[in-house]
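# Overview (structure and organization)
Listed here are the chains, written in short residue letters.
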Amino acid sequence: MSGTHTVVNDVMTRRVVALRAGAAFKDIVRTMQEWRVSALPVLDDSGRVVGIVSEADLLPQEEYGEGGPDRGLMRHAPDVVEGDAVTAGDLMTAPAVTVAPDAPLAHAARVMAHTRVKRLPVVGHDGILEGIVSRSDLLKVYLRDDADIAEEVRCEVVAPLIGTHAETVRIQVRDGVVTLTGRVRETAVIPLATRLARAVPGVVDVRCALTGPPRHPDLDPDLPDSRPTARA
């Protein structure tokens, strides 16, 4: 995978199956089985996302406990749903938890973790469905080539921080782990370089071995002089 992937739009799935609010119960189950998904966005007549219908919405909690719905039970789902809740509009969870296409991947991951969902509908500012992003989509970024990561770290992190002396910093990337070595003029940039490199998409970890410039007592009179003192 080449190129930079920093926002949801870069990794989301654009071909999405969705339901209208009037979709019948059996059609919902059939669609989930056919597309092998556990949740589907529900749209209004304008294509705006108004809710999400999931396996958990189809089966009462007591039927499967905290372990989640069993696939085998889905075949008999119409037998366990009570009352007249037989359409997507009746069963859906609303409002839907969504994410914007320009949202950072880290934001999407946090939303998934907080809401305990496996996928999020991606909607534009007008609420229109544009795609869907799943946990597996977020992991695609870790398939980036090491060379691509190294190039981005150099161009987007090291060069802006170090400037004309960026060549003094060596960047090695192996299996997504970035190693920074060399000397920099300002030691204050070292922790910042580490944080920014870790934020580059595809980076698994950063090992920073950067050091400051050699000490020159004649130029830095405030620093202790490590040279031996001449005796009379």
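First, a word on scope: everything that follows refers to the structure included in this document. (Residues numbered from 1 in each chain as written. Predicted model: local features only at pLDDT ≥ 70, side-chain atom pairs only at ≥ 80, totals over all residues. Heavy atoms only, no water.)

## So, the sheet that holds strand S7 (residues 177-183)
Taken in spatial order, the three strands of this open sheet run S6-S7-S8, and their pairing is mixed. For this open sheet the edge positions go to strand S6 (169-174) and strand S8 (205-211), each flanked by a neighbour on one side alone. Taking the axes of each pair of neighbouring strands and ignoring which way they run, one obtains an average angle of 10° across the sheet. In this sheet, S8 lies alongside S7 in parallel orientation, the contact comprising seven bridges. Bridge pairing in S8 links Arg 183 to Thr 211. Running at roughly 155° to S6, helix H10 (residues 146-162) makes contact with S6 and S7 of the sheet. (Pairing = 2+ DSSP bridges. Helix = DSSP H or I, 4+ residues; strand = E, 2+ residues; numbered from the N terminus. Axes fitted to C-alpha atoms, helices over the stretch in contact; angles between N-to-C directions. Contact = heavy atoms within 4.5 Å.)

## Quick look at the side chain of Asp 137
You can see Asp 137 is positioned in helix H9 (residues 135-139). Engagement of the side chain of Asp 137 in a polar contact is seen with the side chain of Thr 13, the distance being 3.4 Å. (Polar contact = N/O pair within 3.5 Å; in protein donor to acceptor, adjacent residues only side chain to side chain.)

## Overview of helix H2 (residues 25-35)
Every buried residue of H2 is accounted for by Phe 25, Ile 28, Val 29, Thr 31 and Met 32. Seen end-on, H2 carries its buried residues on one side only, within an arc spanning 160°. Along H2, the residues that are exposed and aim more than 90 degrees away from the buried face are Lys 26 and Glu 34. One or two residues past the end of H2 sits Arg 36, with phi positive at roughly 55°. (Buried < 20%, exposed > 50% of the residue type's maximum accessible area, 1.4 Å probe, protein only. Arc of directions from axis to C-beta.)

## Things to note about unusual backbone geometry
Put simply, Ala 94 and Pro 95 share a cis peptide bond, and its omega is -5°. Mapped onto the elements, Pro 95 comes out in the loop between helix H7 (88-91) and helix H8 (105-115). The residue Arg 36 is not glycine, and still its phi comes out positive at about 55°. As for its placement among the helices and strands, Arg 36 is situated in the loop between H2 and strand S2 (39-43). The class of Arg 36 is exposed, set by a relative accessible area of 72%. At Arg 116, a residue that is not glycine, the phi angle is positive and equals roughly 60°.

## Structural notes on the pattern of salt bridges
Scanning the model with the defined rule gives four salt bridges in all. A salt bridge links Lys 140 to Asp 137, with the shortest nitrogen-to-oxygen separation between them at 3.1 Å. Taking relative accessible area as the criterion, Asp 137 reaches 4% and is therefore assigned buried. (Salt bridge = Lys/Arg side-chain N within 4 Å of Asp/Glu carboxyl O.)

## Quick look at the pairing of strand S5 (residues 129-134)
The two faces of a sheet get side chains in turn, since along a regular strand they alternate between them. Most of S5 is tucked away: five of the six residues are buried. Counted between consecutive antiparallel strands, the loop separating strand S4 (residues 119-123) from S5 contains five residues, among which Gly 127 sits at a positive phi close to 85°.

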